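Read off the chains here:
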Amino acid sequence: MKKVSFRNDILPLKDTLYRLALRITLDSVEAEDIVQETMIKVWNRREQWQEIESIEAFTLTICRNLSLDYLKKKGNQNEPFEEIDRETPDKSLTPYEHIIQKDRVQTVKFIINSLPEKQRSCVQLRDFEGKAYKEIADIMGITEQQVKVNIFRARQTIKQKFQEIDSYGL
């Protein structure tokens, strides 16, 4: 068995955990708290690390469950997700094209945030985190087929709603 190190194996997951918690809760402050609580829970189970097949999947599962618990407590009254646009502007775009691109990104974020939680989580883990279907299935506690179905449905919904919004008024 591989020796698991908190510093080398678990601590580097903090950004991934934050993005997952943020995508589920849509609350940056709460996402930070969930990541901290996740790290504490993982640390408290350090005696079992050697028995765990994938420490990353284990950690992401704890984070997801804590995020879902937060939603249950909150009553699922989510505010819109306002993420700071950290992208540097593309120098080849005109100011008008840059505004159009930024508006489209905002539209896609809005559509993703309106998806059901399972679809939103699957898309986050697959498209933004680059996880394999099997890993997502392990993290979410569903089958690989259900993961594929959720991602397919989410992408179809995103495409359909984006086209509706983009062609509105034309």
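Residues numbered from 1 in each chain as written. Predicted model: local features only at pLDDT ≥ 70, side-chain atom pairs only at ≥ 80, totals over all residues. Heavy atoms only, no water.

Asker: Just checking my understanding: could you explain the side chain of Arg64 for this structure?
Answerer: Positionally, Arg64 belongs in helix α4 (residues 55–74). Here Arg64 falls in the buried class, since its relative accessible area comes to 6%. In contact with Arg64, other than residues within four places in its own chain, are Leu20, Ile24, Glu117, Lys118, Ile139 and Met140. (Helix = DSSP H or I, 4+ residues; strand = E, 2+ residues; numbered from the N terminus. Buried < 20%, exposed > 50% of the residue type's maximum accessible area, 1.4 Å probe, protein only. Contact = heavy atoms within 4.5 Å.)

Asker: Would you mind showing me how to read the packing of aromatic side chains here?
Answerer: We describe a pair of aromatic rings using the distance from one ring centre to the other and the angle between the two ring planes. As enumerated under the stated definition, the model contains three aromatic pairs in all. An angle of 80 degrees between the planes, with centres 5.4 Å apart, marks the rings of Phe6 and Trp43 as edge-to-face. With Phe6 in helix α1 (residues 6–10) and Trp43 in helix α3 (residues 28–44), the pair connects residues that are 37 residues apart, well separated along the chain. Among the residues examined, Phe6 registers a relative accessible area of 22% and is labelled partly exposed. Ring centres of Phe6 and Trp49 lie 6.3 Å apart, and the angle between their planes is 15 degrees; this geometry places the pair in the stacked category. On the criterion of sequence distance, the pair formed by Phe6 in helix α1 and Trp49 in the loop between α3 and α4 is long-range, its members being 43 residues apart. Through pairs of rings, three or more aromatic residues link up here, namely Phe6, Trp43 and Trp49. Arg23 extends its terminal NZ or CZ atom over the ring of Phe128, reaching a point 5.1 Å from the ring centre. (Phe/Tyr/Trp six-rings, centres within 6.5 Å; stacked < 30°, edge-to-face > 60°. Lys NZ or Arg CZ within 6 Å of the ring centre and 35° of its normal.)

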